[in-house]
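Topology and contacts: notes
Residues per chain are reported as follows:
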Amino acid sequence: MKWINRIFVTTLAASVLFSFAVCVKAVSDVQTSQERLNETLELIDNAMEDAYDEAIRTALVYAPDGLSIYQLRGSAQKEAQRLLDKITDKRGLPRYELNAIRFAGVLRDGAAGTATNCKDPEGLRWSFTISLNEILFFRNYEDFIYIVIPHEVAHIVSCLSGGFDKKDDETPSQAAHGEEWVQIMKELGFVNPEKYIEHDLDMVPIEMYKRNLANKVSEALYRDEDDKE
Ligand SMILES: [Zn+2]
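Analysis parameters
- Residues numbered from 1 in each chain as written.
- Predicted model: local features only at pLDDT ≥ 70, side-chain atom pairs only at ≥ 80, totals over all residues.
- Helix = DSSP H or I, 4+ residues; strand = E, 2+ residues; numbered from the N terminus.
- Rg over C-alpha atoms; globule rule 2.2 N^0.38 Å.
- Buried ≥ 20, exposed ≤ 12 C-beta atoms within 10 Å, placed from the backbone.
- Expected span 1.5 Å × (residues − 1).
- Bend = angle between axes of the 7 residues up to and from the residue.
- Pairing = 2+ DSSP bridges.
- Axes fitted to C-alpha atoms, helices over the stretch in contact; angles between N-to-C directions.
- Contact = placed C-beta atoms within 7 Å.
- Parallel < 35°, antiparallel > 145°, perpendicular 65-115°, else oblique.
- Left-handed = near helix turned anticlockwise from the far one by under 90°.
- Nonpolar A, V, L, I, M, F, W, Y, C, P; charged D, E, K, R; others polar.

Observations concerning the overall build of the protein
Along the backbone of the protein there are eight helices and three strands. Moving toward the C terminus, one meets the helices and strands of the protein in the order α-α-β-β-α-β-α-α-α-α-α. Whereas a compact globule of 229 residues would reach a radius of gyration of roughly 17 Å, the protein reaches 28 Å, over 25% beyond that. Each principal axis of the C-alpha atoms in the protein carries an extent, and together these give about 100 × 40 × 35 Å. Relative to its full complement of 229 residues, the protein shows a buried share of 23%.

Right under this line is the structure:
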């Protein structure tokens, strides 16, 4: 029976070795494809950064002279907090420290600015953030300081005052710009708040940025494909 044992042990050892070899090969394949994926993601990241930098550099030409990006961002933050403090104080609400404004190149629905919705999940309910389109912000600095920021602050005050209730026949946007928002805008000094529900800004720079972004990303991917062939 011994030779049968020997054959069995040899076969077993061979199959273990074989499986091991297959595993090692699979792991190195996974590693290579993971590395390739990481490289591709890095190329996309760089292309996105490039496109954004270009858009910001062009937009900064229109911003007030002599102020750095950080000073411009800081003045938006300061103005938002100043307006918020003014109204919460007037309404007898506790002071609310705003999160840092989030700056991005594209916001939902092509908006110039957005604020965290009061009806967001519980975790966000008391953590309100204003987001601003940075390209439009640098290009339309005064509009942002005097219109967009108060508009977004009014949303946050509306939330802090108990939030708006959406009626059955209202869209979320109608509900968000309802009586309460209008009232807060009046408290902020706007005579006809309805005029400022939509921001009438030149969106061409955003379209150009999006097109440039798409071009740069696809160029990077083509180059990536060529390199791999
Ligand atoms: Zn709004």
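What about helix H5 (residues 141–160)?
For an α-helix, the turn length of 3.6 residues means that residues three or four places apart are oriented alike. If you check H5, its first and last C-alpha atoms are 27 Å apart, about what 20 residues at 1.5 Å a residue would give, namely 28 Å. The principal kink in H5, of about 30°, is found at valine 148, preceding the proline proline 150 by one to four residues. After H5 finishes, the residue glycine 162 shows a positive phi value of roughly 120°.

Observations concerning the sheet that holds strand E2 (residues 113–115)
Overall, mixed pairing links the three strands, which are arranged E1-E3-E2 in an open sheet. The open sheet has two free edges, formed respectively by strand E1 (102–104) and E2, since each of these has just one partner strand. Across the sheet, the mean angle separating the axes of adjacent strands is 20° when strand polarity is ignored. The pairing of E1 with strand E3 (residues 130–133) spans three bridges and is classified as parallel. In the sheet register, phenylalanine 103 faces E3, and the bridge partner there is leucine 132. In the packing of H5 onto the sheet, contacts are made with E2 and E3, and the angle to E2 comes to roughly 20°.

Focus on the packing of helix H2 (residues 69–90) against H5
At their nearest, the axes of H2 and H5 sit 9 Å apart, and the two run at 45° to each other. Between H2 and H5, the interaxial angle falls into the category oblique. In this structure, H2 meets H5 at a crossing whose hand is right-handed. Residues Leu72, Ala76, Glu79, Ala80, Leu83, Leu84, Ile87 and Thr88 of H2 form the contact with H5, whose own contacting residues are Tyr141, Phe144, Ile145, Ile149, Pro150, Val153, Ile156, Val157 and Leu160. Taken together, the residues that form the contact of H2 with H5 break down as 15 nonpolar, one polar and one charged.

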